[in-house]
Amino acid sequence: MISIVVPTVGRPSLTVLLDALAPQLAELPDAEILLVDDRRDPSGEPDVPAALSGYAKVLTGRGAGPAAARNVGWRAARQPWVVFLDDDVVPAPDWARRLRDDLAVGDRVGGVQGVVEVPLPADRRPTDWERSTAGLAEGEWITADMAYRRAALEQVGGFDERFPRAYREDAELAHRVRLAGWQLVRGRRVITHPVRPEDRWVSLRVQRGNADDALLRRCYGPNWRQELRLPPGRRPRHVAVTAAGALALTAAALRVGPARGAAARRVLGALAVTGALGWAAGTAEFARARIAPGPRTRDEVLTMLVTSALIPPVAVTHWVRGWWRTRNSITDGDVAGAQR
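First, a word on scope: everything that follows refers to the structure included in this document. (Residues numbered from 1 in each chain as written. Predicted model: local features only at pLDDT ≥ 70, side-chain atom pairs only at ≥ 80, totals over all residues. Heavy atoms only, no water.)

Before going further, it helps to examine the overall build of the protein. Of regular secondary structure, the protein possesses 13 helices and eight strands. With the C-alpha coordinates of the protein rotated into their principal frame, the extents come out at 85 × 50 × 40 Å. Here the protein, with 340 residues, has 48% of them falling under the buried criterion. For the protein, the proportion of contacts with a sequence separation of at least 24, taken over those separated by at least 6, is 79%. Carbon and sulfur atoms form 56% of the exposed surface of the protein, whose accessible area is close to 16,700 Å². Treating the 48 positive side-chain charges of the protein as one cloud and the 39 negative ones as another, the clouds have centres 10 Å apart. (Helix = DSSP H or I, 4+ residues; strand = E, 2+ residues; numbered from the N terminus. Buried < 20%, exposed > 50% of the residue type's maximum accessible area, 1.4 Å probe, protein only. Contact = heavy atoms within 4.5 Å. Areas by Shrake-Rupley, 256 points an atom, 1.4 Å probe, with all protein chains shown as cover. Lys, Arg positive; Asp, Glu negative; His and termini not counted. Charge placed at Lys NZ, Arg CZ, Asp CG, Glu CD.)

Below is the structure:
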């Protein structure tokens, strides 16, 4: 009845996940586990615990990201329900039993989401990265633990492989499943999603997701966030802060150029000051919003100050690149789907 699909890039957390699943599979006698090895340069297959030898199969992905890897998994699945798990989650001890109960739903229910819990420190305020990860607990239809009927996946063609990152690809799939007439509901099974260790520059790396947002904007129009039920973002403010900084730098550079009259230098000087003040105010607001709820340690505050200055132009750059790269990637089917 159930196929469990886990895309993996070989993180040590996969072993923790499989060890948590092994003693529960008696609750799911017909289950199969499909591990999709999505490493670009694999050296051997992922380790599978002996207790799962009769259930687990390793498939080879293309190293094209989680959307493509999940498509490899569900297309190889033999059961009518496909449960997607990330390779860094830990199922609760009663996860399998509750999964079985969650999937006892009506025929028009095409997907059932599990409950995601993100443990945060009890002895201090969470860092910016910890708070970002904790947002998964409020996400809708995220594939950290999401079950779909295979029939629903077949009807919509699965995940859109133009999304190369673990970012928005699950929300976009859920939107198309709903458009196809299926219902999505929440279940009661629980997984824990620990906060994985990251360096201080992780907030800059995740800005690559802005390129995927640009694709969604092309597919679903200016109201794409409402269409996909996604929370509002900071992009308008990032654009304003980046524009203010660019104005300040450009006006300052022109002011010291050759053959500038006194009047022109005064105007350019005023523009440079205006832009600098706008950039400083926007950057300070962003940094304060990130620092205030955090632990406020010296290292965290320094990281927030530096990255708050860098994130707006990095985010805007990724958005523009994504917009340009996807200029020819929209099909008639995309437009029709957005208009339904």
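That shown, we press on.
Along an α-helix, a turn takes 3.6 residues, which lines up residues three or four apart on a common side. Across its 21 residues, helix α10 (residues 235-255) extends 30 Å between first and last C-alpha, which sits within 8% of the 30 Å expected from 1.5 Å per residue. Residues Arg 235, His 238, Val 241, Ala 244, Gly 245, Ala 248 and Ala 251 constitute the buried set of α10. Lining the buried residues of α10 we find α8 (209-220), α9 (224-228), α11 (262-291) and α12 (298-325). (Expected span 1.5 Å × (residues − 1).)

So, on to the nonpolar core. Ile 2, Ile 4, Leu 85 and Trp 95 are the most contacted members of the largest nonpolar core, which totals 31 residues. Top element by residues in this core is helix α1 (residues 13-21). It accounts for four residues. Not counting the four nearest positions on each side in its chain, Leu 85 is found in contact with Ile 4, Val 5, Val 6, Pro 7, Leu 17, Leu 21, Trp 95, Thr 143, Ala 144, Asp 145 and Ile 191. Judged by nonpolar contacts, the second largest core, of 22 residues, contains Leu 34, Leu 59, Leu 153 and Val 177. (Core = buried A, V, L, I, M, F, W, Y, C linked by side-chain atoms within 4.5 Å.)

With that settled, the discussion passes to the packing of aromatic side chains. Within the structure shown, the criterion is met by three aromatic pairs. Here Phe 84 and Tyr 148 contribute two aromatic rings whose centre-to-centre distance is 6.5 Å and whose plane-to-plane angle is 65 degrees, an arrangement assigned as edge-to-face. Placement of Phe 84 in strand β4 (residues 81-85) and of Tyr 148 in strand β7 (residues 145-149) is noted, with a sequence separation of 64 residues between them. Neither residue differs from the other here; Phe 84 and Tyr 148 are each classed as buried. Ring centres of Trp 319 and Trp 323 lie 6.2 Å apart, and the angle between their planes is 15 degrees; this geometry places the pair in the stacked category. With Trp 319 and Trp 323 both in helix α12 and four residues apart, this pair spans about one turn of that helix. (Phe/Tyr/Trp six-rings, centres within 6.5 Å; stacked < 30°, edge-to-face > 60°.)

Attention now goes to the pairing of β4. Of all five residues that make up β4, five are buried, and the element is covered over most of its length. Relative to β4, strand β1 (residues 2-8) runs parallel, the two sharing four bridges. If you follow Ile 4 over to β4, its bridge partner there is Val 83. By the bridge criterion, five bridges tie β4 to β7 in an arrangement that is antiparallel. From the neighbouring strand, Phe 84 faces β7, where its bridge partner is Met 146. (Pairing = 2+ DSSP bridges.)

Here we come to the environment of Arg 288. Structurally, Arg 288 is set in helix α11. The class of Arg 288 is exposed, set by a relative accessible area of 54%. Taking the C-alpha atoms as reference, Arg 288 lies 30 Å from Thr 192; in sequence the two are 96 residues apart.

Enumeration according to the criterion identifies 30 salt bridges in this entry. A salt bridge links Arg 70 to Glu 169, with the shortest nitrogen-to-oxygen separation between them at 2.9 Å. Placement of Arg 70 in helix α2 (residues 66-76) and of Glu 169 in helix α6 (residues 169-179) is noted, with a sequence separation of 99 residues between them. Assigned by exposure class, Arg 70 and Glu 169 land together as buried. Note that Asp 128 is salt-bridged to Arg 290, the shortest N-O span being 3.1 Å. (Salt bridge = Lys/Arg side-chain N within 4 Å of Asp/Glu carboxyl O.)

The subject of this paragraph is a nonpolar patch on the surface. Among the surface-exposed residues, Trp 201, Leu 302, Leu 305, Val 306 and Leu 310 lie close enough to one another that they form a single nonpolar patch of about 400 Å² accessible area. Inspection of the secondary structure assignment puts Leu 310 in helix α12. (Patch = residues over 30% accessible without salt bridge, like charges linked within 9 Å, V, L, I, M, F, W, Y side chains within 5 Å.)

Quick look at the side chain of Thr 326 now. Mapped onto the elements of the fold, Thr 326 is located in the loop between α12 and α13 (332-339). You can call Thr 326 buried: its relative accessible area is 12%. One polar contact links the side chain of Thr 326 to the main-chain carbonyl oxygen of Gly 322, over a distance of 2.8 Å. Setting aside its immediate chain neighbours within four residues, Thr 326 contacts Ala 214, Leu 215 and Arg 218. (Polar contact = N/O pair within 3.5 Å; in protein donor to acceptor, adjacent residues only side chain to side chain.)

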